[in-house]
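Observations on the three-dimensional arrangement
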Amino acid sequence: MGLLTNEHSRNRLVKLLLAHDNKLCCVSYIAGVVWFLALAYQPFNAGTYFSENALLPGLVESELPPMFVSALQIKDEIHSEMEKDKKKTPHAWIYKNFREIGLETYQQNFSLIYPFRSVTTQIVTGENVFSILRARRAASTEALVLSIPLRPLINVNKERPATHGGIALALALAKEFKRKPYWSKDIIFLFSDFDEIGTLAWLDAYHKTESEYIKANDLPARSGPIQAAVNLELPAQDVSYYNLLLEGLNGQLPNLDLVNLVVRLCRRERSQVAIHHSLEKRRHQYSDSHGESWDDFKLSLSTMMRMMWYQASGAPSGNHGMFHKYHIEALTVQGVVKKKGSHNDIITSARIVEGVFRSLNNLLERFHQSFFFYLLPATNRYVSIGMYMPAFGLMILASLIKGITLWIVCGDLKEKRALEAKKLKEEKEKSKDDKGDEKTDKKSESEDKEKAEVEEVLTKVKEHVKEESKDDEFDDDDEGDPNNPANQGLISITPIILVSLLLAWMAHQGPELMMRIMPKFRIHTEDMVIYSMLAIFTAAVMYPKLMIRKSSNPNLMIDWRLLKSIALIGQTLALACVALLNISQAFFLAAFMVPVTCSVWPTKSRVMRWVQLIALVMVSMLFLMFVVGLISAWPQTSTWDLIMKGYANTKHLIFLGLMDAYLFNAWSEMIGSAIIFPLWLLFWAVPWADPSF
Amino acid sequence: MASAGVYLLGIFSVIIRVVLMNTHLPKWLRSRNEVVTPITSWENVEEGFSLQSQLVSPYTGDLFHETPLALRSLKIAHYFPYRVSGFFLFIDVLVMVFLYKIATAFVNYLLCNQEEEKKNYSLKAKSLILTGNYLAWLPLTIVGVHALNPFSIMTTLAASTAALTNLAVLIAFYNMILGNRFLSTLFLAVASYQSLYPIVFIVPVALHFYKKSCKSPPVSYTTKESVYSFTETLSIFGLFLGLLGGFSFLAERSWDFVFSTYGFILSVPDLTPNIGVFWYFFTEMFEHFRTLFVCVFQLNAVIYTLPLAIKFTEKPFFLLYVLIFITSIFKSYPSYGDTALYFSLLPLWSHVFPYMRNTLVVGGMYICSVVLAPILYHLWIFAGSANANFYFAITLVYSTAQIFLVTDIVFAYLRREYDLYHGTEHLNPDGTKARIKLD
């Protein structure tokens, strides 16, 4: 118990904290950020490897016919089928062809109820097609999924490319796979309508769960628990490289072994593979020896940042994200068409998919080895949770240090005030009877000694406090005053905490409440959402003003040190929690919030107050969303265009975040409005506080 | 009489609970294994009801672990307004009433006790003497703490039957302060009958009633009278326990229930994760060594009674509190219900708080573990990306926080006692200020 009972070592620590807290904060935050970013540098991360040995045998020779003629024929067929009606998806064609090759094939209908029911009662209906290839060597106890989104040609864009190459591939592979004797897991071919929504509807029905807004019909047939899923988005043309998407719902990632498997199989086919279109130079692909130059670092950093950027949103980057919700390892493989560069025809893709499925077929257990928490600076390098957590820990340690220091200062100030009040009282008594006997003299001597000691400590504290609020005069007269908020402690800041909780509740429920009254205004839904957010934000920004209005003091009469200390400790805890769920989100939040929130303090100078307020607004959730909107709209011809496009993007992003929260149960909206927002409101009150306390 | 403030706080706490009962929270909490354990889960009680109505003995299965008399008496929950939630709200209000009564009685006890011992105190310890004014706030504080205690709110919302044990322990505590040996042992027997571990609380009760029976101050605990008094208290307690057991046998007409209730508590067959120290250890344990380590772990939960009883022979209430605390850390199926009890009683010792030194660390640990536990459980069970070690780590933090808190309280209590007898200022022989060390 020496850890907690040894006062000596503890006092030393306290002194160290009080003397150097600002320096420690800065050092820890900067070191954290630098370390985190440096993890992308090759010598600081590690090469990927297979943990699950059972996966390796899939890397043997392909058993597909060398000239895979049927795949090419089917590709032409489906292409002409799709060209017939560009608005439609080829359900009937898929259903008919899978039936013809003798697989169990079914259709599933689902409907999507629009979350904001008061706006429109419109119901969108969709249809999934799925087909089960029953394994010969097992009794349907396990399954693998090859999922292909159905996209009508007119809806195809860069983010969501055409997928009919994938459909052709699935059909051709189904024919081949059916002949093979070695399957020990069922293979389910899933063709889902409306991307994620269709996938989720199918998964809901497969696991017999219900969601509030997506109503799915029951499935006529099932297989066993799904072990893994690959979502394939392959256009009809030859592709120049394969792009992997990993990020799932709420920042979940597939097991690193599955990613390794796909990367390895692509490499075997001598085709390029990338994460979020971040292509590595060919030279480095097959060897780990290089990658120590500045250019290589820049490339790895940009790859890692791209991955973090997508993960931070908490929204799935492809259909595979829905599988993560059901604890199924899944990723998306996109074929990307480019005019220049190498070309991989459909036969190469077929060999890759065949290899993946044959490897997965060999799995003896669920994926449980390798990593679930990682960041990828390249397809063959990884940064695991053990490597990035210390760096992130340093970043948030800054706010913890500041929080604890303020807590200690609070306690010391309280003691000091009590002591001073006592001293005053004693002095009065002393003046009453000057003639104290020797005994009391001795006593007072020792008392004086003690006082001197205490004062020494206290002057240090005071100096520290002064350092913090350089530009305000420390009002000594105020101390000992029973009305001094610092003496009231927690009670003085309770209203602030309650108000911020109330506003957080409003921000969380706001859009839905607003939606109820919306038809009267006849505004677009997206606009309404952002207006309601802005309204709540404005109210939030004004709340210290409203609280000051009634009192005579132009500042908030609160114990700001206690408030800031509680808010900082709360912020540390909140960020640590988010980091466990979604490290990227936590990293970006910490990178922006920590430096500003650590350095707010009440001041009498108007300029400094405004600087702080502006800095705080810059790290508020809504402004950060705007920054995201700006970045996604980046190359524009003029600044005005950029801002307008950024605003439009922000509007859209917030709306999408809200929809994800309703439809898929994504947490980003909740984290933003119910956790980060109230914390931010606590900090918002600090610059308004009376600096003399 | 209770002041208006107490009534207001009481109504406020009921309002908080009623409001929260109408959210999604109770449903979620009933599935949280930090809040309900196999022996306190209301769903298992319902299972027992339905088995009984089918004329099947509930103890033949593996789910029901309530005692036979609890099974029969808990049926009244269905006749309460708002049924089960109403019943547990009622229990919660009763807990609050007894907490209030304990606080008022305890204030008197503290002042009387101080009056008796004052002559032995050091002259320099004047600032430590408790005054009626200072203690007048205690009843209000204790009700306020209970009203806002998140652990007791969670226990009430989750309809955990740990609340019943808590109530029995509190009534026993109250009667102990009043000096009613009969009722005190009766309710202690009820609590022990319900969840076994309160059996060790008989030690402070016996000590207290012997001390009370002695008129002359130098109380010796080794005389013939003392042995006689201890035996008397123990035998009354044993009689009540025997009666409860006997009635259970009459109701069940078999002793099967012993294995599904006490056997279940002692041999720990259910290793569902909870906030305790048992589950992880025994999932890792080879079956071969299991019996030995079950014995060791169960002994660990009660062994501290002996040294603490020797140290705090003169302070039976503090001994009782520390025992409540320790059993709730080391019992085989602990839950937030047990935490709720010792947190609500904590303000009784508010006069030793100035001597506590780790409030920030301990508070931080409590908050972290309560917030992180569901998150890590989600990552382990639902997302599948974390594993059992993550959740175990956080339960370890929770246990450590509890241990830090209880040692801190014991330390603070002893430190204050020391200062009472030696004055608040400690000087070295050379006149410099001395530092009191705990080794």
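Residues numbered from 1 in each chain as written. Chains lettered and ligands numbered in written order. Predicted model: local features only at pLDDT ≥ 70, side-chain atom pairs only at ≥ 80, totals over all residues.

As a further point, take the overall build of chain B. When helices and strands are tallied, chain B shows 20 helices and zero strands. Whereas a compact globule of 439 residues would reach a radius of gyration of roughly 22 Å, chain B reaches 23 Å, a difference of no more than 12%. Across the 439 residues in chain B, those meeting the buried criterion constitute 42%. A separation of at least 24 residues holds for 74% of the contacts in chain B among residues at least 6 apart in sequence. (Helix = DSSP H or I, 4+ residues; strand = E, 2+ residues; numbered from the N terminus. Rg over C-alpha atoms; globule rule 2.2 N^0.38 Å. Buried ≥ 20, exposed ≤ 12 C-beta atoms within 10 Å, placed from the backbone. Contact = placed C-beta atoms within 7 Å.)

Counting its regular elements, chain A contains 22 helices and twelve strands. The contacts of chain A with a sequence gap of at least 6 include a subset with a gap of at least 24, amounting to 83%.

Glancing now at the interface of chain A and chain B. A common way to state how big an interface is: give the accessible area lost once the parts meet. Each partner contributes residues to the interface: chain A has 16 residues there, and chain B has 19 residues. Those elements that place two or more of their residues in the side of chain A that touches chain B are helix H1 (2-5), helix H12 (385-432) and helix H17 (560-581) of chain A. Per-element accounting of the side of chain A that touches chain B gives the leading share, five residues, to H17(A). Looking at side-chain class alone, the side of chain A that touches chain B contains eleven nonpolar, three polar and two charged residues. (Nonpolar A, V, L, I, M, F, W, Y, C, P; charged D, E, K, R; others polar.)

Residue and element names in this part refer to chain A. Strand order in the open sheet formed by three strands is S1-S12-S11, and the pairing between neighbours is antiparallel. Both edges of this open sheet fall to strand S1 (46-47) and strand S11 (374-378), since each of them pairs with a single strand only. By the bridge criterion, two bridges tie S1 to strand S12 (residues 381-384) in an arrangement that is antiparallel. Counterpart to Gly 47 in the pairing with S12 is Arg 381. (Pairing = 2+ DSSP bridges.)

Attention shifts here to the nonpolar core. Looking at soluble globular proteins, one finds that nonpolar side chains tend to be buried together. Residues and elements named next belong to chain A. Membership of the largest hydrophobic core comes to 298 residues, with the highest contact counts inside it found for Leu 169, Val 262, Phe 392 and Leu 563. Each of domain 1 (14-39 + 392-429 + 442-688) and domain 2 (53-379) contributes no fewer than three residues to this core. Excluding residues within four positions of it along the chain, Val 262 makes contact with Leu 244, Leu 331, Val 333 and Val 356. (Core = buried A, V, L, I, M, F, W, Y, C linked by C-beta atoms within 7 Å. Domains from an automatic or database assignment.)

All names here are of chain A. Taken together, nine strands build an open sheet; the order of strands is S6-S2-S3-S5-S4-S7-S10-S8-S9 and the sheet is mixed. One side of each edge strand has no neighbouring strand; the edge strands of this open sheet are strand S6 (214-216) and strand S9 (272-275). Averaged over all neighbouring strand pairs, the angle between strand axes comes to 25°, with direction disregarded. As paired elements, strand S4 (residues 143-149) and strand S7 (residues 226-233) share five bridges and run parallel to each other. (Axes fitted to C-alpha atoms, helices over the stretch in contact; angles between N-to-C directions.)

All names here are of chain A. The element strand S10 (residues 329-336) is extensively covered by neighbouring structure, given that seven of its eight residues are classed as buried. Where S7 meets S10, six bridges bridge the pair, whose relative direction is parallel. Residue Glu 233 lies in a different strand from S10, and its bridge partner there is Gln 334. Across five bridges, strand S8 (residues 241-245) lies against S10 in antiparallel orientation.

Looking now at the UniProt feature "transmembrane region" (unreviewed entry) in chain A. This chain's UniProt record puts "transmembrane region" (unreviewed entry) on residues 387-409, 489-508, 528-546, 566-593, 613-634 and 646-664 of chain A. Secondary structure over residues 528-546 of chain A splits into 100% helix and 0% strand, and the C-alpha atoms at its two ends are 26 Å apart. (UniProt positions renumbered as here; feature names shortened; annotations may be inferred.)

Let's shift gears to the domain arrangement of chain A. Residue and element names in this part refer to chain A. Under the domain assignment, chain A is made up of domain 1 (14-39 + 392-429 + 442-688) and domain 2 (53-379). Counting only elements with at least two residues in the side of domain 1 that touches domain 2, the list comes to helix H15 (490-517), helix H18 (583-598) and helix H21 (639-664). No other element matches H21, which puts six residues into the side of domain 1 that touches domain 2. When the residues that make up the side of domain 1 that touches domain 2 are grouped by side-chain class, the tally is 15 nonpolar, five polar and two charged.

Even without being a glycine, His277(A) presents a positive backbone phi close to 60°. With respect to the element layout, His277(A) can be found in the loop between S9 and helix H8 (282-285). Within the chain, Leu196(B) stands out as a residue other than glycine whose phi angle is a positive 65°. Of the residues examined, Leu196(B) has 23 C-beta atoms within 10 Å and is grouped as buried.

This next bit is on the pairing of S8(A). Residue and element names in this part refer to chain A. Taken across its five residues, S8 has five buried, putting it largely inside the fold. Side chains of S8 alternate between two faces, with Tyr 241, Asn 243 and Leu 245 and Tyr 242 and Leu 244 buried alike. Sheet topology note: the S8/S9 ladder contains four bridges and is parallel. Paired with Leu 244 across the bridge in S9 is Ile 275. The parallel pair S8 and S9 is bridged by helix H7 (residues 256-268), and the resulting crossover is right-handed. (Right-handed = clockwise from strand over helix to strand, strands pointing away.)

Our next topic: the confidence of the model for chain A. Here chain A shows a mean pLDDT of 83. Residues at 70 or above account for 86%. Note that residues 462-487 of chain A has pLDDT below 50 and, in this model, 39 contacts with residues that lie over four places away or in other chains. (pLDDT = per-residue confidence, 0-100.)

To continue, consider helix H11 (residues 346-361) of chain A. With 16 residues, H11(A) extends 22 Å between its outermost C-alpha atoms, agreeing within 8% with the 22 Å of an ideal straight helix rising 1.5 Å per residue. Among the 16 residues in H11(A), 15 count as buried, and that is most of the element. (Expected span 1.5 Å × (residues − 1).)

What follows is about the packing of helix H1 (residues 4-21) of chain B against helix H7 (residues 138-148) of chain B. Residue and element names in this part refer to chain B. Viewed as axis vectors pointing N to C, H1 and H7 meet at an angle of 5°, and their least axial separation amounts to 9 Å. One element, H1, and the other, H7, form an angle in the roughly parallel class. For the pair formed by H1 and H7, the contact residues are Gly 5, Val 6, Leu 9, Gly 10, Phe 12, Ser 13 and Ile 16 on the first element and Pro 139, Leu 140, Val 143, Gly 144, His 146 and Ala 147 on the second. Considered class by class, the residues forming the contact of H1 with H7 number eight nonpolar, five polar and no charged. (Parallel < 35°, antiparallel > 145°, perpendicular 65-115°, else oblique.)

Residue and element names in this part refer to chain B. Over its 17 residues, helix H9 (residues 162-178) runs 25 Å from end to end, which matches the ideal 24 Å to within 8%, given 1.5 Å per residue. Taken across its 17 residues, H9 has 15 buried, putting it largely inside the fold. At the exit of H9 stands Gly 179, carrying a positive phi of roughly 90°.

The next thing to look at is the environment of Pro26(B). All names here are of chain B. Residue placement: Pro 26 occurs in helix H2 (residues 25-30). Note: C-alpha distance between Pro 26 and Ala 159 (133 residues apart in sequence) is 8.2 Å. Leaving out residues up to four positions away in the same chain, Pro 26 has contacts with Met 21, Ser 85, Leu 157 and Ala 158.

With that settled, consider the confidence of the model for chain B. When pLDDT is averaged along chain B, the result is 90, and 98% of the positions lie at 70 or above. Overall fold confidence for the complex sits at a pTM of 0.87, while the interface term, ipTM, reaches 0.86.

Our next topic: the packing of H9(B) against helix H18 (residues 336-345) of chain B. Residues and elements named next belong to chain B. It is the contact of H9 with H18, at a shortest axis distance of 9 Å, that shows an interaxial angle of 30°. By the angle between their axes, H9 is roughly parallel relative to H18. Where H9 crosses over H18, the two elements pack in a sense that is right-handed. From H9, Ala 162, Ala 163, Asn 166 and Val 169 reach across to H18, where they touch Gly 337, Asp 338, Ala 340 and Leu 341. A class-by-class count of the residues in the contact of H9 with H18 yields five nonpolar, two polar and one charged. (Left-handed = near helix turned anticlockwise from the far one by under 90°.)

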